[in-house]
Amino acid sequence: MYHKTTGYRVFSIFNYAFMILAGLACFLPLLHLLAQSLSSKAAISGNMVSFWPVGFNVDAYVKTFNNSNFNGAMLTSIIRTVLGTTISMFILTCAGYALSKEFRGRNALMWFFIFTMLFSGGLIPSYILVTSLGLKDTIWALVLPGAFGAYNLILLVNFFKTIPKALEEAAFIDGASFFVILSKIYLPLSLPGIATVSLFIMVGHWNSWFDGILYMSDASRYPLASFLQTVVVQSNMQNMAMSQSEVAAMSEQSIKAAQIFVSTLPIILVYPFLQRYFVKGIVLGAVKE
Amino acid sequence: MKEGRNLWKMVSTVILSTILVAGCSSGESQTESAPTSVLKDGKYDPPFKITIAKQQDENAGKYINGESLNDNVLTRWGEENLGIKIETTLLGGDASQYNTKLRLALTGSEKLPDVLPVYDTMLVNDLIDSGRVKEITEDIAAYMPDRLREIYKQYPTTFNPVVRDGKVYGMAIAPNLTEGEVMLIRQDWLDRLKLKAPTTIEEFEQVIAAFTTEDPDGNGKQDTYGFTFSGKDSYNTGWVSDPVMIFSAYTGKHLPRQWVNDNGKLTYGSVAGGNREALAKLRDWYAKGYLNKELATQGAWDALSDFTEGKAGIIIGRPWLYDSVKDVEKNIEGAKINAYPTIQGVNGDKTYQSAQLNDGVFMFNKDFQNMEAFFLYYDKMYDAAFSTGEFKYGYAQGYDYDIVNDEVTFDPQKFNKPLEAIQSVGKMAFTKNTPSVDGPGKSYFDLANGVKADTGVLIQSDSKDQTTKDGYRISYENREALLPNEFNGPPTPTMQNVWEQLTTMEQETFTKIIYGNEPIEAFDTFVKQWHEKGGDQIIEEVNDWYTQTSETDVMALMKLK
């Protein structure tokens, strides 16, 4: 048997070791963050915290949840993610279903979408468009511009194509309309694909910060990622040179850590529920009939 | 073939409709013709709105009591007392995002805010080019209140970036000479090794040598070193973790990365001869382990962590730096930090440091008609700095000061309703920093000389830690050592092309010499190449700019003389 050979065993050991290392590389930063969020300010600035809290306290979390800006941003992010994913999935499933059929001009249409994937208008035209349409300072500025993504469309179209045509024909004969077929047959059967694409979109919405900063002129409307960007990344303070003692009021590392930790939780929690669809979803198109 | 034709039909339809949409909506938005407001008893009636752009720094983003950017204690105050509502219509996070948003606003897709704080000289230039900002020469002459006039008179060079063809397009944001850098030293280490704080480069070398080799923390391990600073972005950060003192000891006023007026001609500090000796010194110290081993990868804000951890013994920074490193006194028993002046130069002169006069400039929308109202509001903001009028203690009781048992306090923990940290109300309107006239720390100097703390500014200064107070007093006593950069104009044409290469070359050469990867002669090669690769051209252009700015006497035009 091949798995009894020395070569295989060496390979296995190496394989396990590598996977453990890779796993740790993902897990340890998070653990470090958690430890920091539970430590005292002095211990953190003295660089004494690694993976275990020093000077344990939960102040950072109390402060984080008492911060109305943080809570507002969290809410904005949740609304944005739910609304954005719903709208995107509605558009994508409709478009994907149609484009998985043969009809005149299908390829032209497809190429038109793929064109947008390769060439975008760029920052200035997008900005002008969004402001001219009056979307600025509304949640729609975050949700609508990215609602339709050609890459996700291709994923879905290919998934729909793997569903046997005979199913659809049988439904037709029983008198089903296109919409009934889509909702009763295609959607349940392509759950893995839909779950995968939804997750892509969800994570995308949850993590994107630039559009929030670009289109919102009031920080209280920022989504969470934009809020964190202003709190965490900006505090390198190249420009704080003038501010004298006000620097002392800078937010503490433990609060930043708590905010980052809290903000990653929801998306981490979504993963296990969608993960079981993943393998099927991503290998789509890999196996031909 | 058919499909091809369909595609083209579709593409042309899309293009056409895009043009239509763009055409419809890019039409000039109508400026509302509001009823003219009249100033009555210091208040406008009916109230009107001034829209502003704001680069939000981290502190400015914090609001208590559920307040927000456009509805907070200061905006409400303005509405109630002056009849002026300040509204932020353009908000940016860090510098690059803010500049991007300003540029996007210039595309004309939306109305430019009335008041624009601009922090980038290139952008200042572009805004003037665009013709969408107001020329304010006469407005300043007509409306600027007297006490502001006195301030702006002191700093004529701050107008240099906003003057074009003898016309003034903006004004510095709250000009005021910044505080200088001091040396923070671990006093307990000095005491244990029976050393005195260094005043010359030789003494400095002795101290950092002892800090490295003689186990100042007494733990029996060689795990400490003398001097920590940052060499990541520049050897002249200008505020914290900075080795400028060492360079200046050999070069005098020619500081790295800075332009200095040398007998009427601007010269660039990094190519001055004395840098060679300074680099040789640093190289020697680095080899002996007296310096931060990772100095080339540590930014200004990272380089201080070794000090806070109790590994390094000396750091340089503005006096408030003590607040950021004092945790070492909590973490390590017996640790004590004291502030000292920077050392003397090799010829017995002072060592110099860079300073700032202002942080950005105010510019105004061409259509903004209420300069008088802006000045009214802006002048009120200075009340806190002058300890006069409504804001004589601070901007808002319970926010940046409080009165407890008839005593004014600036300690947020002692407030009637204790706060985490003081709210920087002064940053809630136009500016990124609260306006100040205290210079490098005059109030601290006065306090040290026995002046009674009876004004807001003095009480506030008096409430700081002793080390911070010492730092500011030292900074004020050495205020002649502060040199603002003499070149504050937009990048010249050659600069736009090659400045980045030149500064990269400079940074790499300096670092390699200190690390010992290149011989000290590399500095001479660098100077030669710097001049050849565009440096000479840049010197010429910078000096042209310098003479041009003094061609028209704009100060007289603005009646600031």
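Residues numbered from 1 in each chain as written. Chains lettered and ligands numbered in written order. Predicted model: local features only at pLDDT ≥ 70, side-chain atom pairs only at ≥ 80, totals over all residues. Heavy atoms only, no water.

1. Description of the overall build of chain A
Moving on, step 1. Within chain A one finds 14 helices and zero strands.
Moving on, step 2. For chain A, the sequential pattern of α-helices and β-strands runs α-α-α-α-α-α-α-α-α-α-α-α-α-α.
Moving on, step 3. Taking contacts inside chain A between residues at least 6 apart in sequence as the whole, the part at least 24 apart equals 73%. (Helix = DSSP H or I, 4+ residues; strand = E, 2+ residues; numbered from the N terminus. Contact = heavy atoms within 4.5 Å.)

2. Describing the overall build of chain B
Moving on, step 1. Looking only at helices and strands, chain B has 22 helices and 19 strands in total.
Moving on, step 2. On C-alpha atoms alone, chain B measures out to a radius of gyration of 27 Å, which is about the 24 Å that the 2.2 N^0.38 rule sets for 561 residues.
Moving on, step 3. Sorting the 561 residues of chain B into buried and exposed places 56% on the buried side.
Moving on, step 4. Partitioning the contacts of chain B with sequence separation of at least 6, the portion at a separation of at least 24 is 71%.
Moving on, step 5. Carbon and sulfur atoms form 48% of the exposed surface of chain B, whose accessible area is close to 23800 Å².
Moving on, step 6. Across chain B, 58 positive and 83 negative side-chain charges occur, with their mean positions spaced 2 Å apart. (Rg over C-alpha atoms; globule rule 2.2 N^0.38 Å. Buried < 20%, exposed > 50% of the residue type's maximum accessible area, 1.4 Å probe, protein only. Areas by Shrake-Rupley, 256 points an atom, 1.4 Å probe, with all protein chains shown as cover. Lys, Arg positive; Asp, Glu negative; His and termini not counted. Charge placed at Lys NZ, Arg CZ, Asp CG, Glu CD.)

3. Quick notes on helix α4 (residues 121-130) of chain B
All names here are of chain B.
Moving on, step 1. Leu123, Val124, Asn125, Asp126, Leu127 and Ile128 are the residues of α4 that are buried.
Moving on, step 2. Summarising the contacts, the buried residues of α4 are in contact with α3 (95-106), β5 (115-118), β6 (163-164) and β16 (361-364).
Moving on, step 3. Structurally, the start of α4 carries an N-cap: the backbone nitrogen of Met122 is 3.2 Å from a side-chain oxygen of Asp120.
Moving on, step 4. Among the residues trailing α4, Gly131 stands out with phi positive, at a value near 75 degrees. (Polar contact = N/O pair within 3.5 Å; in protein donor to acceptor, adjacent residues only side chain to side chain.)

4. Concerning the nonpolar core
Residues and elements named next belong to chain B.
Moving on, step 1. Counting residues in hydrophobic clusters, the biggest one holds 84 residues, and the most contacted among them are Leu74, Phe159, Met171, Met363, Phe374, Tyr377 and Tyr378.
Moving on, step 2. Counting residues per element, this core draws most heavily on helix α15 (residues 371-381), which supplies seven residues.
Moving on, step 3. In this view, Leu74 contacts Tyr377, Met381, Phe391, Tyr395, Val425, Met428 and Ala429; residues no more than four positions away in its chain are not counted.
Moving on, step 4. Listed in part, the 54 residues of the second largest apolar core include Ala249, Ala278, Met505 and Val527. (Core = buried A, V, L, I, M, F, W, Y, C linked by side-chain atoms within 4.5 Å.)

5. Overview of the pairing of strand β12 (residues 265-268) of chain B
Residue and element names in this part refer to chain B.
Moving on, step 1. Burial along β12 is one-sided: Leu266 and Tyr268 are buried, while Lys265 and Thr267, pointing the other way, are not.
Moving on, step 2. As paired strands, strand β11 (residues 259-262) and β12 are joined by four bridges and run antiparallel to one another. Residue pairing across strands places Asp262 opposite Lys265, the latter belonging to β12.
Moving on, step 3. Following β11, the chain reverses through two residues before pairing antiparallel with β12; Asn263 in that reversal takes a positive phi of roughly 55 degrees. (Pairing = 2+ DSSP bridges.)

6. Points about the environment of Val554 of chain B
Residue and element names in this part refer to chain B.
Moving on, step 1. Within the fold, Val554 resides in helix α22 (residues 554-557).
Moving on, step 2. Put simply, Val554 and Asp165 are 389 residues apart on the chain and 9.8 Å apart in space, counted from C-alpha to C-alpha.
Moving on, step 3. What Val554 contacts, discounting residues up to four positions off in sequence, is Val163, Gly166 and Val168.

7. Examining the pattern of salt bridges
Residue and element names in this part refer to chain B.
Moving on, step 1. Summed over all chains, the structure comprises 32 salt bridges over all chains.
Moving on, step 2. Residue Glu87 is joined to Lys49 by a salt bridge in which the shortest nitrogen-to-oxygen separation is 3.2 Å. One end of the pair, Glu87, is in strand β4 (residues 84-92); the other, Lys49, is in strand β3 (residues 48-55), and 38 residues separate them in sequence.
Moving on, step 3. The class for Glu87 is partly exposed, based on a relative accessible area of 22%.
Moving on, step 4. Ionic pairing is found between Lys326 and Asp465, a salt bridge with its closest N-O pair at 3.5 Å. One end of the pair, Lys326, is in the loop between α13 (321-325) and α14 (327-331); the other, Asp465, is in the loop between α18 (456-462) and α19 (466-477), with 139 residues separating them in the sequence.
Moving on, step 5. Look at Asp465 and you get partly exposed, because its relative accessible area is 29%.
Moving on, step 6. Among the charged side chains, a salt-bridge network with shared partners connects Glu67, Asp71 and Arg76. (Salt bridge = Lys/Arg side-chain N within 4 Å of Asp/Glu carboxyl O.)

8. Examining the packing of aromatic side chains
Moving on, step 1. One pass over the full model with this rule turns up 57 aromatic pairs over all chains.
Moving on, step 2. When the ring of Tyr97 of chain A is compared with that of Phe178 of chain A, the centres are 6.3 Å apart and the planes differ by 70 degrees; the resulting orientation is edge-to-face. With Tyr97 of chain A in helix α4 (residues 68-99) and Phe178 of chain A in helix α10 (residues 178-189), the pair connects residues that are 81 residues apart, well separated along the chain.
Moving on, step 3. Phe178 of chain A sits in the partly exposed class, given a relative accessible area of 46%.
Moving on, step 4. Between Lys293 of chain B and the ring centre of Tyr286 of chain B, over which it is positioned, the NZ or CZ distance is 4.3 Å. (Phe/Tyr/Trp six-rings, centres within 6.5 Å; stacked < 30°, edge-to-face > 60°. Lys NZ or Arg CZ within 6 Å of the ring centre and 35° of its normal.)

9. Notes on the packing of helix α8 (residues 201-213) of chain B against helix α10 (residues 275-288) of chain B
Residues and elements named next belong to chain B.
Moving on, step 1. The interhelical angle for the contact between α8 and α10, taken along N-to-C directions, is 15 degrees, at an axis separation of 11 Å. The orientation of α8 relative to α10 falls into the category roughly parallel. The handedness of the crossing between α8 and α10 comes out as right-handed. Contacts between α8 and α10 involve Ile201, Phe204, Glu205, Ile208 and Thr212 on the former and, on the latter, Lys281, Asp284, Trp285 and Lys288.
Moving on, step 2. A breakdown of the residues in the contact of α8 with α10 according to their chemical character gives four nonpolar, one polar and four charged. (Axes fitted to C-alpha atoms, helices over the stretch in contact; angles between N-to-C directions. Parallel < 35°, antiparallel > 145°, perpendicular 65-115°, else oblique. Left-handed = near helix turned anticlockwise from the far one by under 90°. Nonpolar A, V, L, I, M, F, W, Y, C, P; charged D, E, K, R; others polar.)

10. Remarks on the sheet that holds strand β10 (residues 225-227) of chain B
All names here are of chain B.
Moving on, step 1. The strand order β10-β13-β9-β14 describes an open sheet built from four strands, whose pairing is mixed. Here the strands that pair on one side only, and so sit at the sheet edges, are β10 and β14 (337-340). Sheet twist, expressed as the mean angle between neighbouring strand axes with direction ignored, is 20 degrees.
Moving on, step 2. Relative to β14, strand β9 (residues 182-186) is paired through four bridges, and the arrangement is antiparallel. Paired with Met183 across the strands is Tyr340, a residue of β14.
Moving on, step 3. The strands touched by α8 are β9, β10 and β13 (312-317); relative to β10, the strand with the most contacts, the crossing angle is about 150 degrees.

11. A look at helix α9 (residues 244-251) of chain B
Residues and elements named next belong to chain B.
Moving on, step 1. For α9, a buried count of seven out of eight residues is recorded, marking the element as mostly surrounded by other parts of the structure.
Moving on, step 2. Residues of α9 that are buried: Val244, Met245, Ile246, Phe247, Ser248, Ala249 and Thr251.
Moving on, step 3. In the stretch just after α9, Gly252 is the one whose phi turns positive, near 65 degrees.

12. Digging into the side chain of Ser198 of chain A
Moving on, step 1. Its location among the elements puts Ser198 of chain A in helix α11 (residues 191-207).
Moving on, step 2. Ignoring sequence-local partners within four residues, the contact set of Ser198 of chain A consists of Thr85 and Met89 of chain A.

13. Notes on the confidence of the model for chain A
Moving on, step 1. Overall, the prediction assigns chain A a mean pLDDT of 84, with 89% of residues at 70 or greater.
Moving on, step 2. This stretch, residues 238-243 of chain A, has a pLDDT under 50; its non-local contacts, to residues over four places away or in other chains, come to 22 contacts. (pLDDT = per-residue confidence, 0-100.)

14. Here's the deal with the packing of helix α2 (residues 73-81) of chain B against α15 of chain B
All names here are of chain B.
Moving on, step 1. Here α2 crosses α15 at 130 degrees, and the two axes come no closer than 12 Å. If you check the angle between α2 and α15, you find them oblique. The handedness of the crossing between α2 and α15 comes out as right-handed. Two secondary-structure elements touch here, α2 through Leu74, Thr75, Trp77 and Gly78 and α15 through Tyr377, Lys380 and Met381.

15. Section: unusual backbone geometry
Residues and elements named next belong to chain B.
Moving on, step 1. The amide bond that connects Asp45 to the next residue, Pro46, takes the cis arrangement and shows omega of -10 degrees.
Moving on, step 2. If you check the backbone angles, Asp215 has positive phi at about 50 degrees while not being a glycine.
Moving on, step 3. With respect to the secondary-structure elements, Asp215 resides in the loop between α8 and β10.
Moving on, step 4. In this structure, Lys559 takes a positive phi of about 55 degrees despite not being glycine.
Moving on, step 5. Within the secondary structure layout, Lys559 lies in the segment after α22.

16. Some words on the pairing of β13 of chain B
All names here are of chain B.
Moving on, step 1. Most of β13 sits out of view: six of its six residues are buried.
Moving on, step 2. Of the pairings in the sheet, the one linking β9 to β13 comprises four bridges and is antiparallel in character. Looking across to β13, one finds that Leu184 is bridged to Ile315.
Moving on, step 3. Direction of pairing for β10 relative to β13: parallel, over a ladder of two bridges.

17. Quick word on a nonpolar patch on the surface
All names here are of chain A.
Moving on, step 1. On the surface, Phe115, Met117, Leu118, Phe119, Tyr151 and Phe200 cluster together into a nonpolar patch covering about 660 Å² of accessible area.
Moving on, step 2. Looking at the nonpolar patch element by element, the count peaks at three residues for helix α5 (residues 106-118).
Moving on, step 3. By the secondary structure assignment, Phe119 is in the loop between α5 and α6 (123-132). (Patch = residues over 30% accessible without salt bridge, like charges linked within 9 Å, V, L, I, M, F, W, Y side chains within 5 Å.)

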